[in-house]
Amino acid sequence: MRRSTILIPTGVLAVAGVLTGTVLWLAPPSYDPSYDDRVQDCAHALRERYAAGDEGRPGACDGVQRKDYAALVADVGRERS
């Protein structure tokens with residue numbers, strides 16, 4: 001087997017690995033909101049929805065647990081009264 005048959009594919013793989021690692025290292029992390037951010041967004045969406053007279057669960061509340069959502073609904077309902 002000739003050296004070039006081994007060295008060329010090995011070199012190509014090494015360069016591809018370095019480029020991939022560099023791109024992943026330099027790429028900004030994706031924005032993943034914390035649970036507290038989701039709860040605050042949900043509370044804001046609930047206030048807006050109730051101010052408009054709408055009812056139902058806003059899309060911003062999709063990641064909020066059931067017990068926390070129930071507490072938010074009660075809290076926003078108390079603010080309206």
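What counts and what doesn't
- Residues numbered from 1 in each chain as written.
- Predicted model: local features only at pLDDT ≥ 70, side-chain atom pairs only at ≥ 80, totals over all residues.
- Heavy atoms only, no water.
- Helix = DSSP H or I, 4+ residues; strand = E, 2+ residues; numbered from the N terminus.
- Rg over C-alpha atoms; globule rule 2.2 N^0.38 Å.
- Buried < 20%, exposed > 50% of the residue type's maximum accessible area, 1.4 Å probe, protein only.
- Phe/Tyr/Trp six-rings, centres within 6.5 Å; stacked < 30°, edge-to-face > 60°.
- Lys NZ or Arg CZ within 6 Å of the ring centre and 35° of its normal.
- Core = buried A, V, L, I, M, F, W, Y, C linked by side-chain atoms within 4.5 Å.
- Contact = heavy atoms within 4.5 Å.
- pLDDT = per-residue confidence, 0-100.
- Expected span 1.5 Å × (residues − 1).

**Some thoughts on the overall build of the protein**
Within the protein, the secondary structure is distributed over 3 helices and 0 strands. Reading the helices (α) and strands (β) of the protein from amino to carboxyl end gives α-α-α. Here the protein has a C-alpha radius of gyration of 26 Å; the compact-globule value for 81 residues is 12 Å, and the former is much larger. If you line up the protein on its principal axes, its C-alpha atoms span 85 × 20 × 20 Å. Buried residues in the protein amount to 15% of all 81 residues.

**Notes on the environment of Ser-34**
Examined against the element boundaries, Ser-34 turns out to sit in the loop between helix H1 (3-26) and helix H2 (35-51). Along the primary structure Ser-34 and Gly-17 are separated by 17 residues, whereas in three dimensions their C-alpha atoms are 32 Å apart.

**Structural notes on the packing of aromatic side chains**
Evaluated as defined, the whole model comprises 0 aromatic pairs. Here the basic side chain of Arg-57 rests over the ring of Tyr-69, its NZ or CZ set 4.2 Å away from the ring centre.

**Some remarks on the nonpolar core**
Soluble globular proteins tend to pack their nonpolar side chains together in the buried interior. In terms of nonpolar packing, the biggest core is built from 10 residues, these being Val-39, Cys-42, Ala-43, Leu-46, Tyr-50, Cys-61, Val-64, Tyr-69, Leu-72 and Val-76. At 5 residues, H2 tops the list of elements feeding residues into this core. Setting aside residues up to four positions removed in sequence, Cys-42 forms contacts with Ala-60, Cys-61, Val-64, Tyr-69 and Leu-72.

**A few points about the confidence of the model for the protein**
Residues with a pLDDT of 70 or more make up 93% of the protein, whose mean pLDDT is 85. The secondary-structure element of the protein with the lowest mean pLDDT is H1, recorded at 84, while H2 shows the highest, at 91.

**Some points on H2**
Its 17 residues give H2 an end-to-end C-alpha distance of 24 Å, which sits within 8% of 24 Å, the value for a rise of 1.5 Å per residue. Restricting attention to buried positions, one finds in H2 the residues Val-39, Cys-42, Ala-43, Ala-45, Leu-46 and Tyr-50. Two residues or fewer past H2, Gly-53 is found with a positive phi of approximately 90°.

**Looking at the environment of Val-18**
Inspection of the secondary structure puts Val-18 in helix H1. Accessibility expressed as a relative area gives 55% for Val-18, which makes it exposed.

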